[in-house]
Amino acid sequence: MAQEVRGVIAPGKNEPVRVETIVVPDPGPGEAVVKVQACGVCHTDLHYKQGGISDDFPFLLGHEAAGIVESVGEGVTDVAPGDFVILNWRAVCGNCRACLRGRPQYCFNTHNAKQKMTLASTGQELSPALGIGAFADKTLVAAGQCTKVDPTVSPAVAGLLGCGVMAGIGAAINTGNVGRGDTVAVIGCGGVGDAAIAGARLAGAARIIAVDIDDRKLEKARSMGATHTVNSKTSDAVEAIRELTGGFGADVVIEAVGRPETYKQAFYGRDLAGTVVLVGVPTPEMKLELPLLDVFGRGGSLKSSWYGDCLPSRDFPMLIDLHQQGRLDLGAFVTETVQLDEVEKAFERMHGGDVLRSVVVL
Ligand code: APR
Ligand code: ZN
Ligand code: ZN
């Protein structure tokens, strides 16, 4: 039986989001219905609302979620009703060229639910944000989007791994391959940058240099594991990074802002053989200009990190385990918990600079 539940809808470009009654169908083959327990508010949800990602309104927002599997469709064996899961927006196929070549992070055929959730009032089909749509009491996803983790962890904490925090940690441990003794600089210390700092600490980095234009962010970055901080409004980021790395530049520089000027700082702030990881998301009109000779004259690598190059089934349980052991404080990313009807307010607070994550709890 299809069910009617509450969901947060972005009805049209830049219109305020609102709670509506939505219809969630029974899971079809390969699908699962999940009772959402918590879902973080991410910049990408705001971008959907602003029409910056697609024109496919109305959207059912929310995509950083954890909850309990309520029911599964035909052929689903990896998860069962009652399982506590984190949702992911990249359920890989296992069969495409990328998957077969051992690079599932670049899978071409990621799975989403085939059936559509709809608006109860009009029957209109909803576009779930990143194929998830979890600002809702229940949501329909592909079973492969569900990763089972230790059920004793707090849902508000677990859900964060579904997007931003995973992107940051993964930028350090997966894409950047930070190793023991490395020097790491992280430019931009919001939720993603702080997660990159936490990831660099886990990986055993010797020095972790946090760069931001806001002293409050730098203070928080220290509590996440930064060993040094640079305010790039008052001092030159590249010079400061060089000074703190014996003149060489950092082994890994993680750019977590998504702007040409901070990318340039990352480019020039790395060691000659170092790695630049771009995890901040630029806008379509942004352009980068660099002397080609400077690109030629440096070895190392320039990488981008999409979803922290994560493999949910490998990374989510491992990171939850580290959190449970007290070796990774995922709770530090939760600034506040809010109700389903407070998402619009949470968007407003996102820009104040005081919030790493608002998490909707259900
Ligand atoms: N130099 C250094 N830091 C900057 C600069 C700059 N020129 N401009 C902004 N920042 C800092 C802000 O002060 C803030 O601490 O970057 C941080 C951005 O943090 P958030 O706005 O909280 O964004 P976050 O969620 O961390 O995401 C960062 O990663 O995944 C992407 O889409 C996401 O592009 C975004 C980026
Ligand atoms: Zn694939
Ligand atoms: Zn997100």
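Every value quoted in this text rests on a predicted model; they were computed, and no experiment measured them. (Residues numbered from 1 in each chain as written. Chains lettered and ligands numbered in written order. Predicted model: local features only at pLDDT ≥ 70, side-chain atom pairs only at ≥ 80, totals over all residues. Heavy atoms only, no water.)

A. Spotlight on the sheet that holds strand β8 (residues 127-128). The strand order across the open sheet formed by five strands is β7-β2-β1-β4-β8, and the pairing between neighbours is mixed. Edge positions in the open sheet fall to β7 (118-119) and β8, since each of these has one partner strand only. Where strand β2 (residues 18-24) and β7 come together, two bridges link them in antiparallel fashion. Its bridge partner lying in β7, Ile 22 is registered against Leu 119. (Pairing = 2+ DSSP bridges. Helix = DSSP H or I, 4+ residues; strand = E, 2+ residues; numbered from the N terminus.)

B. Representation of the pattern of salt bridges in the model. Taken as a whole and assessed by the stated rule, the structure comprises eleven salt bridges. When the shortest N-O distance is used, the salt bridge between Lys 49 and Glu 344 registers 2.6 Å. Remark: Glu 344 occurs in helix α11 (residues 343-350) and Lys 49 occurs in helix α1 (residues 43-49); sequence separation between them is 295 residues. For the pair formed by Lys 49 and Glu 344, the shared burial category is buried. Between Glu 261 and Arg 259 there is a salt bridge, with the nearest N and O atoms lying 2.7 Å from each other. (Salt bridge = Lys/Arg side-chain N within 4 Å of Asp/Glu carboxyl O. Buried < 20%, exposed > 50% of the residue type's maximum accessible area, 1.4 Å probe, protein only.)

C. A look at the coordination of the zinc ion (ligand 2). Summarising the metal site, the zinc ion (ligand 2) is bound by the protein donors Cys 93 (SG), Cys 96 (SG), Cys 99 (SG) and Cys 107 (SG), whose distances to it range over 2.3 to 2.4 Å. Each of the four donor atoms bound to the zinc ion (ligand 2) contributes to angles spanning 106 to 118°, and the resulting shape is tetrahedral. Spacing between the donor residues of the zinc ion (ligand 2) along the chain follows C-x2-C-x2-C-x7-C. (Donors = N, O, S within 2.8 Å, 3.2 Å for Na, K, Ca; no water. Tetrahedral: all angles 85-135°; square planar, octahedral: opposite > 155°, others 65-115°.)

D. Region of interest: the sheet that holds strand β15 (residues 270-278). With parallel pairing, six strands are arranged side by side in an open sheet as β13-β12-β11-β14-β15-β16. For this open sheet the edge positions go to β13 (228-231) and β16 (301-304), each flanked by a neighbour on one side alone. Neighbour-to-neighbour, the strand axes of this sheet turn through a mean angle of 20°, independent of strand direction. Against the sheet, helix α8 (residues 260-269) contacts β11 (183-187), β14 (250-255), β15 and β16, and its axis sits at roughly 150° relative to β15. (Axes fitted to C-alpha atoms, helices over the stretch in contact; angles between N-to-C directions. Contact = heavy atoms within 4.5 Å.)

E. Representation of the UniProt feature "domain: Enoyl reductase (ER)" (unreviewed entry) in the protein within the structure. Following the UniProt record, one finds the feature "domain: Enoyl reductase (ER)" (unreviewed entry) at residues 12-362. A distance of 25 Å separates the end C-alpha atoms of residues 12-362, which is 26% helix and 24% strand. (UniProt positions renumbered as here; feature names shortened; annotations may be inferred.)

F. Structural context of the site of ligand 1. Near ligand 1 lie 16 residues; those nearest to it are Gly 191, Val 192, Asp 212, Ala 256 and Val 281. In the model, an oxygen atom of ligand 1 is placed 3.3 Å from a nitrogen or oxygen of the His 43 side chain. With respect to ligand 1, the backbone of Gly 190 contributes an N or O atom lying 3.5 Å from an oxygen atom. Counted by class, the shell around ligand 1 contains seven nonpolar, seven polar and two charged residues. (Near = heavy atom within 4 Å. Polar contact = N/O pair within 3.5 Å; in protein donor to acceptor, adjacent residues only side chain to side chain. Nonpolar A, V, L, I, M, F, W, Y, C, P; charged D, E, K, R; others polar.)

G. Layout of helix α4 (residues 164-175). Where burial is concerned, most of α4 is hidden: eleven out of the twelve residues are buried. Those residues of α4 that fall on the buried side of the exposure criterion are Gly 164, Val 165, Met 166, Ala 167, Gly 168, Ile 169, Gly 170, Ala 171, Ala 172, Asn 174 and Thr 175. Where α4 is buried, its residues meet β5 (64-72), α5 (191-202), β14, β15, β16 and α10 (312-324). Once α4 ends, the next one or two residues include Asn 177, with phi positive near 50°.

H. Quick peek at the packing of aromatic side chains. Using the criterion set out here, one finds five aromatic pairs in the structure. Here Tyr 48 and Phe 59 contribute two aromatic rings whose centre-to-centre distance is 4.8 Å and whose plane-to-plane angle is 55°, an arrangement assigned as tilted. Remark: Phe 59 occurs in strand β4 (residues 59-60) and Tyr 48 occurs in helix α1; sequence separation between them is eleven residues. Here Tyr 48 falls in the buried class, since its relative accessible area comes to 7%. Three or more aromatic residues joined by ring pairs make a cluster, and in this case those are Tyr 48, Phe 57 and Phe 59. Between the NZ or CZ atom of Arg 270 and the centre of the ring of Phe 267, over which it lies, the distance is 5.1 Å. Just above the ring of Phe 267 sits the side chain of Arg 298; from NZ or CZ to the centre is 5.8 Å. (Phe/Tyr/Trp six-rings, centres within 6.5 Å; stacked < 30°, edge-to-face > 60°. Lys NZ or Arg CZ within 6 Å of the ring centre and 35° of its normal.)

I. Broad picture of the nonpolar core. Membership of the largest hydrophobic core comes to 86 residues, with the highest contact counts inside it found for Leu 61, Leu 87, Phe 135, Ile 197 and Ile 254. The biggest single contributor to this core is α4, with six residues. Among residues more than four places away in sequence, those in contact with Ile 197 are Val 186, Cys 189, Ile 208, Ala 210, Ala 221, Met 224, Gly 225 and Ala 226. In terms of nonpolar packing, the next biggest core, distinct from the first, is built from 13 residues, Ala 185, Ala 237, Ala 250 and Val 253 among them. (Core = buried A, V, L, I, M, F, W, Y, C linked by side-chain atoms within 4.5 Å.)

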